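Residue-level structure breakdown
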Amino acid sequence: MTDHTERDIVIEDHFRRNSSRLVKNLSVKCKGWFNAEDSVHNAYERALRYWDSYEPDMGFDKWFEAVLRNAVSATSTRSEIPCLVPETEKQVRRIVEDFKAEVTARFGEPDTDE
């Protein structure tokens, strides 16, 4: 087992070198950039938290892949909505229109006599 200083250096170095690429690569699987970013950040938090389970013989990259896989799974099951934050204005308009249609279907047209 290594001390926290080495842990912090290893994880921070890995984050600086890989986090942007990981977010980009996961954005489709996670159904959006923001969900991918949450998954990657969650994985680095888990890496810090579960550092004691790291086996140096395994290699950090291989260990981190398993941590990341679990973080992606946890992030995707945590959310009922696949993409919580729309990435384009077109997506925002579509979401708003879908919401208005659903509300109208459930409750009828809004009263405008106020």
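Above this text sits the structure in question.
Residues numbered from 1 in each chain as written. Predicted model: local features only at pLDDT ≥ 70, side-chain atom pairs only at ≥ 80, totals over all residues. Heavy atoms only, no water.

**With respect to the overall build of the protein**
- Assigned secondary structure in the protein consists of 4 helices and 0 strands.
- Its helices and strands taken in sequence order, the protein reads α-α-α-α from the N to the C terminus.
- Burial analysis of the protein (114 residues in total) assigns 26% to the buried set.
- Summed over all atoms, the accessible surface of the protein reaches about 8,700 Å², with 52% contributed by carbon and sulfur. (Helix = DSSP H or I, 4+ residues; strand = E, 2+ residues; numbered from the N terminus. Buried < 20%, exposed > 50% of the residue type's maximum accessible area, 1.4 Å probe, protein only. Areas by Shrake-Rupley, 256 points an atom, 1.4 Å probe, with all protein chains shown as cover.)

**Let's talk about the pattern of salt bridges**
- Counted under the stated rule, the structure contains 3 salt bridges.
- The salt bridge involving R7 is made with D8; its shortest N-O contact spans 2.8 Å.
- Close ionic contact of R17 with D13 constitutes a salt bridge, the shortest N to O distance being 2.9 Å. Of this pair, R17 and D13 both sit in helix α1 (residues 4–26), 4 residues apart, roughly one helical turn.
- Note on D13: relative accessible area 38%, which makes it partly exposed. (Salt bridge = Lys/Arg side-chain N within 4 Å of Asp/Glu carboxyl O.)

**A closer look at the packing of aromatic side chains**
- A complete count under the given rule lists 9 aromatic pairs for this structure.
- The interplanar angle of 85° and the centroid separation of 6.0 Å between the aromatic rings of W51 and W63 together place this pair among those described as edge-to-face. Note that W51 is positioned in the loop between α2 (33–49) and α3 (60–78) and W63 in helix α3, a separation of 12 residues in sequence.
- Residue classification places W51 among the buried residues on the basis of a relative accessible area of 5%.
- Residue classification places W63 among the buried positions, given a relative accessible area of 6%.
- Here the aromatic rings of Y54 and W63 are separated by 5.3 Å at their centres, their planes lie at 55°, and the arrangement is tilted. For the residue pair Y54 and W63, the accessibility class agrees, reading buried in each case.
- What links up through ring pairs into an aromatic cluster is the set F15, Y44, W51, Y54, F60, W63 and F64. (Phe/Tyr/Trp six-rings, centres within 6.5 Å; stacked < 30°, edge-to-face > 60°.)

**Quick word on the nonpolar core**
- Counting 19 residues, the largest nonpolar core has L26, V40, F60, W63, F64 and L68 as the members making the most contacts within it.
- Those elements giving two or more residues to this core turn out to be α1, α2 and α3.
- Top element by residues in this core is α3. It accounts for 7 residues. (Core = buried A, V, L, I, M, F, W, Y, C linked by side-chain atoms within 4.5 Å.)

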